[in-house]
Amino acid sequence: MTPMKIKVDAVMFDLDGTILDSIHIYYQIIETVFKRLDLTLPSRDKLRDAAKNGDFEWGQVFPKKTPEERDRLIEKTREIIAEIYPNLFKTQAKLIPGAKKIVEIILQTGIKVGIVTSTPRQNMAVKLHPLVESGINDLMEIIITADDAPRKKPAADPLLEGSKRLGIPPQYCMYVGDARTDIQAGKTAGMKTVGVLTGFDDRQTLSRETPDAVINSIADLEDILV
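These numbers come from a predicted model, not from an experiment.

Describing the environment of Glu133
Point 1. Along the chain, Glu133 falls in helix α6 (residues 124-134).
Point 2. Judged by relative accessible area, Glu133 falls into the exposed class, the value being 61%.
Point 3. Sequence separation between Glu133 and Leu206 is 73 residues, and the spatial gap between their C-alpha atoms is 31 Å.

Rendered as structure tokens:
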């Protein structure tokens, strides 16, 4: 079957699970937290459900406790994450295979490219290391973080900020991401949306949000861009 062609003037990418192969790191973080807190690790389905609104809801996966006990667990969780997060990303994060090549191909067609992520700016340095080393970081016209818009995905705010900075109206933009919140944000912003299967959500979950396309990875974007 010939892939559906989508014509746009700008493509914006989510970061984790889309350009950056990092979802396994988040699962490692969660597993480490539960191990150190001596708690039973929930199923992957429950973990995915706790992240369905864009932020991971630790309170949703911790045992039912008093508010005070739950607050203490969450505070300990923050301490554990702060300890292990930087080294895990430094040693394990890498680009999705074919990421740089597809960005170069897109640029050769005259389409603008950028990144829109829910990562806070203060955490970006460790995440961007693989992008800087590969040179893909220099190809991005914009990088929008959680600090650049009043609301994070699934709200449209960060994508609309990206559209504004690129100088391309939303209807001529595409947003590519691995999670349902990416598709929700893109559609709310009035953009074309593409789900990729290299990250958090599976094909069934992404398809329920009715994106314009679901592909195996961003390497397959060449097949659908005009």
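What about the nonpolar core?
Point 1. In terms of nonpolar packing, the biggest core is built from 56 residues, with Phe13, Ile19, Ile218 and Leu221 touching the most fellow members.
Point 2. It is helix α1 (residues 23-36) that provides the largest number of residues to this core, a total of seven residues.
Point 3. Setting aside anything within four residues of it in sequence, one finds Ile218 in contact with Phe13, Thr18, Ile19, Ile96, Ala99, Ile102, Val176 and Val196.
Point 4. Core analysis: the second largest hydrophobic core is formed by 14 residues, Val116, Ile168, Cys173 and Met191 among them.

A closer look at the side chain of Asp157
Point 1. Structurally, Asp157 can be placed in helix α7 (residues 157-166).
Point 2. Within the structure, Asp157 has its side chain in polar contact with the side chain of Arg151 (distance 2.8 Å).
Point 3. The residues touching Asp157, leaving out its near neighbours within four places in the chain, are Ala149, Pro150 and Arg151.

Focus on the sheet that holds strand β4 (residues 112-116)
Point 1. Ordered in space as β5-β4-β1-β6-β7-β8, the six strands form an open sheet in which the pairing is parallel. A strand with exactly one partner marks an edge of an open sheet, and here the two such strands are β5 (142-144) and β8 (213-215). When strand polarity is set aside, the average angle formed by the axes of neighbouring strands in this sheet is 25°.
Point 2. Sheet topology note: the strand β1 (residues 10-13)/strand β6 (residues 173-177) ladder contains four bridges and is parallel. Among the inter-strand pairings, Ala10 is bridged to a residue of β6, identified as Cys173.
Point 3. Of the strands in this sheet, β6 and β7 (192-196) are in contact with helix α8 (residues 180-188), which crosses β7 at around 175°.

Some words on unusual backbone geometry
Point 1. For the bond from Lys153 to Pro154, the omega torsion is 15°, close enough to zero to count as cis.
Point 2. Along the polypeptide, Pro154 turns up in the loop between β5 and α7.
Point 3. One non-glycine residue, Asp38, lies in positive phi territory at about 55°.
Point 4. Tracing the backbone shows Asp38 in the loop between α1 and α2 (44-50).
Point 5. Given the relative accessible area of 70%, Asp38 is considered exposed.
Point 6. Here Thr210, not a glycine, exhibits a phi torsion of approximately 50°, which is positive.
Point 7. With respect to the helices and strands, the residue Thr210 is situated in the loop between α9 (203-207) and β8.
Point 8. The exposure class assigned to Thr210 is exposed, which follows from its relative accessible area of 51%.

Some remarks on the packing of aromatic side chains
Between two aromatic rings, the relevant description is the distance of the centres plus the angle of the planes.
Point 1. All chains considered together, the criterion is met by seven aromatic pairs.
Point 2. Note on Phe56 and Trp58: the rings are 4.7 Å apart at their centroids and 70° apart in plane angle, and the pair reads as edge-to-face.
Point 3. Taking relative accessible area as the criterion, Phe56 reaches 23% and is therefore assigned partly exposed.
Point 4. A relative accessible area of 14% means that Trp58 is categorised as buried.
Point 5. A cation over a ring is seen here: Arg44 above Tyr27, with NZ or CZ 3.6 Å from the ring centre.

Definitions and cut-offs
Residues numbered from 1 in each chain as written. Predicted model: local features only at pLDDT ≥ 70, side-chain atom pairs only at ≥ 80, totals over all residues. Heavy atoms only, no water. Helix = DSSP H or I, 4+ residues; strand = E, 2+ residues; numbered from the N terminus. Buried < 20%, exposed > 50% of the residue type's maximum accessible area, 1.4 Å probe, protein only. Core = buried A, V, L, I, M, F, W, Y, C linked by side-chain atoms within 4.5 Å. Contact = heavy atoms within 4.5 Å. Polar contact = N/O pair within 3.5 Å; in protein donor to acceptor, adjacent residues only side chain to side chain. Pairing = 2+ DSSP bridges. Axes fitted to C-alpha atoms, helices over the stretch in contact; angles between N-to-C directions. Phe/Tyr/Trp six-rings, centres within 6.5 Å; stacked < 30°, edge-to-face > 60°. Lys NZ or Arg CZ within 6 Å of the ring centre and 35° of its normal.

Read these as geometric descriptors, not functional statements.
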